[in-house]
Amino acid sequence: MSTVLIIFYILSAITLSMAFLAVFTRNPIHSAIYLVVCMMSIGGHFLLFNSQFLAIVQIIVYAGAIMVLILYTIMLMDLNKEHEVHRPRVTRLVAIILFSLTCIILILIFINSDPVAGTIDRYDNFGEDFQSIKKLGKVLLNEYLVPFEYASILLLTAMIGAVLLSKKEKPGK
Amino acid sequence: MNNILNEIGIENYIYLAVILFSIGVFGVLYRRNAIIVFMSIEIMLNAVNLLFVAFSTYHQDAEGQVFVFFSMAVAAAEVAVGLAILVSVFRNIGSIDIGKLKNLKG
């Protein structure tokens, strides 16, 4: 086994176990912290692919911004007092069955469709640069300039919407 | 540098992403706390992002990574608006148990 494979297995184990713990833990704050570790390990996967830009963005945006936002919301709501009621047993059973079904069906689809067949020679790197920040910036600002601008409009709209939604209404009105 | 998929293989990444996505589906169905449901949606988005990057490396094409960048922007916007909605739901109802949001039931 090569070193890269061992690193991949360790990272995958961290990713999957942390995602599972984040879903299962009762305390929402612990759940958020497990999710931070999960996002960081996905950033590690990106680094393993040598896509430095996405690894950095993953850690800044997901593990940084989004999780801080979620943690602040949890603290704002003060959920520690009330204990979350479990769903009824039937619903939980259905959830577990659906989980296994999704897993099995998707994996079977991928096995049967066999995306690897026929293109095995594409594994080889021809030495051309396709994922450095320089190349990514050129693709982003040449071919995807319009969607890039739309993304900025989307973020602006989201910001205005979030401020409007979370503003307290005045009692007199 | 040697391509990383030579040593790991795209199948392993497909399996990892599928299991991660299923964990997200499971979390949405299993939990009642709306914030945890939110986090499960983030897990699902991340599974898809991971597969995007894997196939972008597989096809030696930068455009997959550009799409991941856009999906991250959309996820950030989604989280901001969604959490604002959750805060206002908490103000009105006093809890974020999704079993209690029955106003549309009639």
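Residues numbered from 1 in each chain as written. Chains lettered and ligands numbered in written order. Predicted model: local features only at pLDDT ≥ 70, side-chain atom pairs only at ≥ 80, totals over all residues. Heavy atoms only, no water.

Per an unreviewed UniProt entry, the recorded name for chain B is NADH-quinone oxidoreductase subunit K, and the organism is Flavobacterium croceum DSM 17960. For the record of chain B, the UniProt heading Subunit (unreviewed entry) holds the text "NDH-1 is composed of 14 different subunits. Subunits NuoA, H, J, K, L, M, N constitute the membrane sector of the complex." UniProt annotates chain B under Sequence similarities (unreviewed entry) with the comment "Belongs to the complex I subunit 4L family." (UniProt positions renumbered as here; feature names shortened; annotations may be inferred.)

The name an unreviewed UniProt entry gives chain A is NADH-quinone oxidoreductase subunit J, with Flavobacterium croceum DSM 17960 as the organism. Listed under Subcellular location (unreviewed entry) in UniProt, the entry text for chain A is "Cell membrane".

Q: How would you sum up the overall build of chain A? Please name residues and give values.
A: Along its length, chain A carries six helices and zero strands. Ordered by position from N to C terminus, the α and β elements of chain A give α-α-α-α-α-α. Looking at the 173 residues of chain A, the share that counts as buried comes to 33%. Nonlocal contacts in chain A, meaning residues at least 24 apart in sequence, comprise 56% of its contacts between residues at least 6 apart. Per element, the accessible surface of chain A, about 10800 Å² overall, is 71% carbon and sulfur. (Helix = DSSP H or I, 4+ residues; strand = E, 2+ residues; numbered from the N terminus. Buried < 20%, exposed > 50% of the residue type's maximum accessible area, 1.4 Å probe, protein only. Contact = heavy atoms within 4.5 Å. Areas by Shrake-Rupley, 256 points an atom, 1.4 Å probe, with all protein chains shown as cover.)

Q: Account for unusual backbone geometry, with residues named and values stated.
A: Within the chain, Asn50(A) stands out as a residue other than glycine whose phi angle is a positive 70°. Structurally, Asn50(A) is set in the loop between helix H2 (28-48) and helix H3 (52-77). Although it is not a glycine, Gln60(B) adopts a positive phi angle of roughly 55°. By the secondary structure assignment, Gln60(B) is in the loop between helix H3 (34-58) and helix H4 (63-93). Residue classification places Gln60(B) among the buried residues on the basis of a relative accessible area of 14%.

Q: Lay out the nonpolar core with the relevant residues and their values.
A: Core analysis: the biggest nonpolar cluster contains 62 residues, and Leu35(A), Phe46(A), Ile70(A), Ile8(B), Tyr13(B) and Ile35(B) have the highest contact counts within it. Sorting the residues of this core by element identifies helix H1 (3-24), H2, H3 and helix H4 (89-113) of chain A together with helix H1 (4-8), helix H2 (10-30), H3 and H4 of chain B as the ones contributing at least two each. Every residue in contact with Ile70(A), bar those within four places of it in the chain, is listed here: Ile35(B), Met39(B) and Leu83(B). Among the nonpolar cores identified, the runner-up in size contains ten residues, and Val139(A), Ala62(B), Val66(B) and Ala73(B) belong to it. (Core = buried A, V, L, I, M, F, W, Y, C linked by side-chain atoms within 4.5 Å.)

Q: Let's hear about H4(A): which residues, and what values?
A: Its 25 residues place the ends of H4(A) 36 Å apart at the C-alpha level, agreeing with the 36 Å of an ideal helix rising 1.5 Å per residue. Residues Ala95(A), Phe99(A), Thr102(A) and Cys103(A) constitute the buried set of H4(A). Considering only its buried residues, H4(A) is in contact with H1 of chain A together with H2 of chain B. (Expected span 1.5 Å × (residues − 1).)

Q: Describe the UniProt feature "transmembrane region" (unreviewed entry) in chain A, with residues and values.
A: Residues and elements named next belong to chain A. UniProt marks residues 6-25, 32-49, 55-78, 90-111 and 144-165 with the feature "transmembrane region" (unreviewed entry), using the numbering shown here. Structurally, residues 32-49 comprises 94% helix and 0% strand, and the distance from its first C-alpha atom to its last is 26 Å. Helix makes up 96% of residues 55-78 and strand 0%, whereas the separation of the span's terminal C-alpha atoms amounts to 33 Å.

Q: Describe in detail helix H5 (residues 133-142) of chain A, supporting the description with residues and values.
A: Every buried residue of H5(A) is accounted for by Leu136(A), Val139(A) and Leu140(A). In a view along the axis of H5(A), the buried residues occupy a sector of 95°, so they form one face of it. Along H5(A), the residues that are exposed and aim more than 90 degrees away from the buried face are Lys134(A) and Asn142(A). Check the buried side of H5(A) and you find it contacts H3 and helix H6 (145-166) of chain A together with H4 of chain B. (Arc of directions from axis to C-beta.)

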